[in-house]
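Given next are the chains, with one letter for each unit.
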Amino acid sequence: MEHNIGTYNDLDPDTEARVESLLAQMTLPEKIGQLVQIGPFAPFDFEDYQAKNMDELIRSGRVSSFLNITIPHLINHCQRIAVEESRLGIPIIVGSDVIHGYRTIFPIPLAEACTWNPALLERASRVAAEEASAVGVDWIFAPMVDVARDPRWGRIAEGAGEDPFLGMAMARARVRGFQAADLSSGRRIVACPKHYVGYGAAEGGRDYNTTDFSERTLRDVYLPPFKAAFDAGAGTVMSAFNEISGVPATANPLILTTILRDEWDWPGVVLSDYESVRHLIPHGMAANLKEAARLSILAGLDMEMVSSAYPDHLAELVAAGDVPLAAVDEATRRVLRLKFRLGLFENPYTDESLADALILRPDFRALALEVAQESMVLLKNEGNILPLSPQTRLAVIGPLADNRLDMFGCWSLQTHPEDVETVLEGLAAYLPADAWTHVPGCPIRDTAPTDIAAAVAAAEEADVVLLVVGESADMSGEAHSRTHLGLPGRQQELADALAATGKPIVCVIMSGRPLVIPRLAGQAQALLAAWHAGIRAGRAVADILFGAANPSGKLTASWPRAEGQIPVYYAHKNTGQPAADADMKAFAAVFKSVYLDEPNSPLFPFGFGLSYTQFDYADLRIAQPTLKLGDTLVVSATVTNSGDRAGAEIVQLYVRDRVGSVTRPVKELKGFQKIHLQPGEQRIVRFEVRVADLGFTGRDMRYTVEPGDFHVWVGPDSTRGLAGAFSVS
Ligand code: BGC
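Since the model is a prediction, treat every value here as computed from it, not as a measurement.

(A) Focus on the site of the ligand. Around the ligand there are 14 residues in total, and D97, R155, H195, D273 and E478 lie nearest to it. Contact distances for the ligand include 2.4 Å between an oxygen atom and a side-chain N or O atom of D97. One of the side-chain nitrogen or oxygen atoms of D273 is found 2.6 Å away from an oxygen atom of the ligand. When the ligand is considered free in solution it has 310 Å² of accessible area, and contact with the protein chains removes 94% of it. Looking at the shell around the ligand residue by residue, the class counts come to seven nonpolar, two polar and five charged.

(B) Structural detail: the sheet that holds strand β19 (residues 632-641). Strand order in the open sheet formed by three strands is β17-β19-β22, with antiparallel pairing between adjacent strands. A single partner strand is all that each edge strand has here, and the edge strands are β17 (615-622) and β22 (682-690). Averaged over all pairs of adjacent strands, the angle between strand axes in this sheet comes to 25°, irrespective of strand direction. Of the pairings in the sheet, the one linking β19 to β22 comprises nine bridges and is antiparallel in character.

(C) How the structure looks around the environment of M238. Tracing the backbone through its elements, the reader meets M238 in strand β6 (residues 236-238). Along the chain, M238 and R149 lie 89 residues apart, while their C-alpha atoms are 21 Å from each other. Those residues within four positions of M238 in sequence are excluded, and the remaining contacts are F141, C192, P193, K194, H195, Y196, L271, S272, D273 and M305.

(D) The pairing of strand β25 (residues 708-715), seen in detail. Across six bridges, the pairing between strand β20 (residues 647-657) and β25 is antiparallel. Within the sheet, the bridge partner assigned to Q652 lies in β25 and is G715. The antiparallel pairing of β25 with strand β26 (residues 722-728) creates a hairpin that spans six residues between the two strands, and G721 there sits at a positive phi of about 155°.

(E) Layout of the packing of aromatic side chains. Under the criterion given, the structure shown has 19 aromatic pairs. Ring centres of Y199 and F241 lie 6.1 Å apart, and the angle between their planes is 75°; on these two criteria the pair is classed as edge-to-face. Here Y199 is found in the loop between β5 (190-191) and α9 (215-222), whereas its partner F241 is found in the loop between β6 and β7 (243-244), with 42 residues between them in sequence. Overall, the relative accessible area of 0% leaves Y199 in the buried class. By the ring-pair criterion, three or more aromatic residues cluster together here, those being W116, F165, Y570, F606, Y654 and F672. R80 extends its terminal NZ or CZ atom over the ring of Y349, reaching a point 4.8 Å from the ring centre. The lysine or arginine in question, K667, covers the ring of W713, its NZ or CZ lying 4.5 Å from the ring centre.

(F) Seen up close, the sheet that holds strand β3 (residues 93-96). Strand order in the open sheet made by the six strands is β5-β4-β3-β2-β1-β10, with parallel pairing throughout. In this open sheet, the two strands that pair with only one neighbour each are β5 and β10 (304-305). In this sheet, strand β2 (residues 65-67) lies alongside strand β1 (residues 36-38) in parallel orientation, the contact comprising two bridges. Across the sheet, residue Q37 finds its bridge partner in β2, namely S65.

(G) Broad picture of the environment of I675. Locating I675 in the fold gives a position in strand β21 (residues 668-677). With sequence-adjacent residues up to four places away left out, I675 is seen in contact with V639, G647, A648, E649, V651, R683 and V685.

(H) Representation of helix α11 (residues 253-263) in the model. Within α11, burial applies to I255, L256, I259, L260 and R261. With its buried residues spanning 165° around the axis, α11 presents them on a single face. For α11, the capping residue at the N-terminal end is N252, with a side-chain oxygen 3.1 Å from the backbone nitrogen of L254.

What counts and how
Residues numbered from 1 in each chain as written. Predicted model: local features only at pLDDT ≥ 70, side-chain atom pairs only at ≥ 80, totals over all residues. Heavy atoms only, no water. Near = heavy atom within 4 Å. Polar contact = N/O pair within 3.5 Å; in protein donor to acceptor, adjacent residues only side chain to side chain. Areas by Shrake-Rupley, 256 points an atom, 1.4 Å probe, with all protein chains shown as cover. Nonpolar A, V, L, I, M, F, W, Y, C, P; charged D, E, K, R; others polar. Pairing = 2+ DSSP bridges. Helix = DSSP H or I, 4+ residues; strand = E, 2+ residues; numbered from the N terminus. Axes fitted to C-alpha atoms, helices over the stretch in contact; angles between N-to-C directions. Contact = heavy atoms within 4.5 Å. Phe/Tyr/Trp six-rings, centres within 6.5 Å; stacked < 30°, edge-to-face > 60°. Buried < 20%, exposed > 50% of the residue type's maximum accessible area, 1.4 Å probe, protein only. Lys NZ or Arg CZ within 6 Å of the ring centre and 35° of its normal. Arc of directions from axis to C-beta.

Printed below as a string of structure tokens:
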């Protein structure tokens, strides 16, 4: 599939001329109208729309955009009024949360990231864009590129995990996929990376909570995925709900103006998050909505989502001289530029007859299966119990085995249960119906009476217990943070009872985040992290269990041993009293940075995931052990598939800058490649890393690469690998 890659970075003179000529004709209320996004209409229907008298708002040019309407005839209705009945005929733009697919629901983004396959995610994003565009959506509120190191935070499900480098790769891929040109609408899609910025750092993992981190951490950890999204051409960005060290992101001049405009020279549109302008009042930054409007527009926020500070107060603020007209003009200019560039003026309407044919196509469903298979991570496979033989008599137990709705994950506006394949349906592709029994055992999260006894009885009759447990979809996502990250409800009790039977347990664990499951991990012979894997979840699980697909996913966020370790992430600092090794506990050695009761290491580290085959690493080579600033580090290793199945391996490259004017993480991912090897096949995997990309934010808050010694590793995860060294002079 070859597409023109859309980018909104470069201004073209024709569009700029159109923008200026339109702007010159606009009244102040019309300009302010372009900065207003309204919606959604509960329950997203036409009656509600009419009750709110939207026609008149559109006709008078007081609204620019709608949020999460996905009914083509309603969108066309609004568009017709905007284009044909408003004074200047400026089209509206509809934005929507298309987070991991529109109707073809893919795995949650955290799972998708575990594919480590940007090209695949680019295709998945393209599918999402085609479907969304078919119903009249032109603006996709994704990708969510917040680095997240705290699995208590429910929104870890929506992003790529704990690492900025991986986050950059995923951000680029998704933006490219969304914004690829030549849609059937004749218009283009624009992506909206979010939430700018630092939202993942919410204290205690509680959603919307305070964040407080240094400007260096802002620049080195939280900003890079956004920068990557802009460099890939993203045309808009959404400001975050959180405050950053005392200044809410939505009215934060450092991030919205100094960095975005002055340093990066980015010409796109900044949209607030849902009522985040109004939130300046409870944050304690603005005394009232008028003040909130003033602070936001002056900080650099262009368009307000849902709350009404701009429409209610901007005009009087301009009249009083508290907001320069130039600030309103500049914001309006950015919005108009976007509408021109999307093709909305030329092709404002959506072909209502096409929508059905353009969604849930067979090739889209096939892609959803591919992504689901690649996103699953095999965490344990003792005695190679997996793959199962088709002769195995299974007791299929657990509340998620026959479940459709939770496969949609935390962010799907379109949830058609009939689109989903359950695990039981997946198994049916491999086993005759009488080869297994199914007992749910207990509900997902309530503590209602259970049928654990029936589950145990079924287990006694079987060769293998297939236990399908985890979280419901509504236990992650926005405003769904948790403090206890074990199996919810009575599921651990169920696992305990099954373990007591002595039957081997193959556990499929479905969740929206890394869970804390040391006990379960000990009880199960095999453990497959299947996440909330979208409409093809059940088939993908079965394909892996029976070996039709060889698991290749690797974790992109660490799975802690205990909640008290959080945040636990691989790219931590060393401290002045580091543990001798990551498995050391105190009492073994005093005055070390360790816990008394758990090692520092997570249960399953970043980058980790098993395969049904075996990959061996040998022969690390560093082309040039001494490099200069303008050089490129070239590192290679030989990877061999020494097992008896074809498989894919995600080969990872990490570095450590040993001494810096600012302390550096113990490891940083700087490269990865996913390679496919036949049994016995060998490949030299070669990485090239520009020395210029080995830097960090120095003491003076500027990006710097310092000379000195580095370690380098090439390996299968963040804890293992061939080690070497090089230096930069
Ligand atoms: C979320 C955003 C989302 C917006 C619009 C907010 O509550 O934080 O991620 O795009 O709602 O639905």
